[in-house]
Amino acid sequence: MREKPKVVILACQQALPDPEPLLQALEAAGLTARAVPEPCSSKIEAFHLLRILAVEADCVRVLACPEDACLLKEGSCRLGRRLKHAQEYLQEIGLEPERLEVTRLNPGEAVDLPRLAADLAGVALTLGLNPGRRRVQEKEPQK
Amino acid sequence: MIVGTRKPLAEIQGMVAGARRLLVAGCDTCVAECVAGGRREVAELSAALMMASRMAGRQVEIREASVDRQCIHEFLLEVVEAAQGAEAVLSLACGAGVQALAARLPHLPVFPALNTQFIGETAERGLWLENCRGCGDCLLGLTGGICPISRCAKSLLNGPCGGAVGGLCEINKAKKFDPEVPCAWLQIYDRLSALGQLERLTVLAPPKDWSRGEAGGPRRVLRPDQRP
Ligand code: SF4
Ligand code: SF4
């Protein structure tokens, strides 16, 4: 059976408190998906994004609040800069920067889940498997 | 502190190309402050190298270790231990740290992941400025605490040169700086003025003895009272 692309969602809890329906929609679209709830997108560092890509994901999507609606004022804006830094690394490696992206969702507003899932699935299926990612036959790295 | 910047990934990959087991070693002091070589940057670089090597069809085992100061031998034990079994070490410390680590690992190649830039100050978030050249004969007491050697583009001892425009150094005409470089001698003037010490500017500084700086060959500090 062909391996399904895997998407890891890092979801700011203000932007998307319950990522479960999104995961179900992504799985229905032919992907494997996992969500990591984040207290605020400011907690996400560039190395988290790169590590997730190196270890388990074909695409990573951060769901964050708009920059001017961030609970921690500058958090979402900093996340944007860190994400750009991680994307620059991808360009140096020769991987598509679109494997790491952010979607801004207004906290407290209903999310258009079918649209978000279609967007994510479109990107993940177009990019396909990440050739830099660890595959199952590879050993776990030593700490 | 010492300010460094990461080398391009392709250059780093070229250095460690032959190694199947690699230790990536960070330094959590100066180069962590300038966001180039602390444990976060070690994690970023390790993940990037892992992905790049898989894409090149090679499998590399990467370990990560960071210590507080790679330039001090006592701090290096953890990295030296983590290097057991590695075929190469990639250090994200400044040049002094890379060399101290290499001295402790005589049988392993140790490569620099950073370009060491200068002795500097964190001026603002994300902005580091060179403000000392380690000249060996500090003049700050005469210049109101502003270093003309590192902050004046011509390292003038009796400035300003006359080329400043609107408080800015004329180097801005030759090269793009963001933010623009202020005239260090105008800053010295303003500072001495605020201190009520403008008369200092009437005293001509004599020619400087550069042999006390890097022009004098390898430098060392020997403190007999501190020797073993
Ligand atoms: S090794 Fe270099 S970067 Fe690290 S603490 Fe020493 S001087 Fe600073
Ligand atoms: S005068 Fe010399 S020692 Fe003093 S800050 Fe400038 S370069 Fe450094």
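Residues numbered from 1 in each chain as written. Chains lettered and ligands numbered in written order. Predicted model: local features only at pLDDT ≥ 70, side-chain atom pairs only at ≥ 80, totals over all residues. Heavy atoms only, no water.

## Observations regarding the packing of aromatic side chains
Under the criterion given, the structure shown has 0 aromatic pairs over all chains. Sitting above the plane of the Trp210(B) ring, Lys208(B) keeps its charged end 5.6 Å from the centroid. (Phe/Tyr/Trp six-rings, centres within 6.5 Å; stacked < 30°, edge-to-face > 60°. Lys NZ or Arg CZ within 6 Å of the ring centre and 35° of its normal.)

## Let's talk about the domain arrangement of chain B
For chain B, the assigned domains are domain 1 (2-117) and domain 2 (136-216). If you average the C-alpha positions of domain 1 of chain B and of domain 2 of chain B, the two centres end up 37 Å apart. (Domains from an automatic or database assignment.)

## Section: the packing of helix 2 (residues 46-55) of chain A against helix 3 (residues 39-55) of chain B
Their axes nearest at 8 Å, the elements helix 2 of chain A and helix 3 of chain B cross at an angle of 25°. Classified by the interaxial angle, the pair formed by helix 2 of chain A and helix 3 of chain B is roughly parallel. Between helix 2 of chain A and helix 3 of chain B the crossing geometry is left-handed. For the pair formed by helix 2 of chain A and helix 3 of chain B, the contact residues are Ala46(A), Phe47(A), Leu50(A), Arg51(A), Leu53(A) and Ala54(A) on the first element and Arg40(B), Ala43(B), Glu44(B), Ala47(B), Met51(B) and Arg54(B) on the second. Grouping the amino acids of the contact of helix 2 of chain A with helix 3 of chain B by side-chain chemistry returns 8 nonpolar, no polar and 4 charged. (Axes fitted to C-alpha atoms, helices over the stretch in contact; angles between N-to-C directions. Helix = DSSP H or I, 4+ residues; strand = E, 2+ residues; numbered from the N terminus. Parallel < 35°, antiparallel > 145°, perpendicular 65-115°, else oblique. Left-handed = near helix turned anticlockwise from the far one by under 90°. Contact = heavy atoms within 4.5 Å. Nonpolar A, V, L, I, M, F, W, Y, C, P; charged D, E, K, R; others polar.)

## So, the site of ligand 1
The full set of residues close to ligand 1 is Ile2(B), Cys27(B), Thr29(B), Cys30(B), Val31(B), Arg69(B), Gln70(B), Cys71(B), Ala93(B), Cys94(B) and Gly97(B). Looking at the shell around ligand 1 residue by residue, the classes come out as 7 nonpolar, 3 polar and 1 charged. (Near = heavy atom within 4 Å.)

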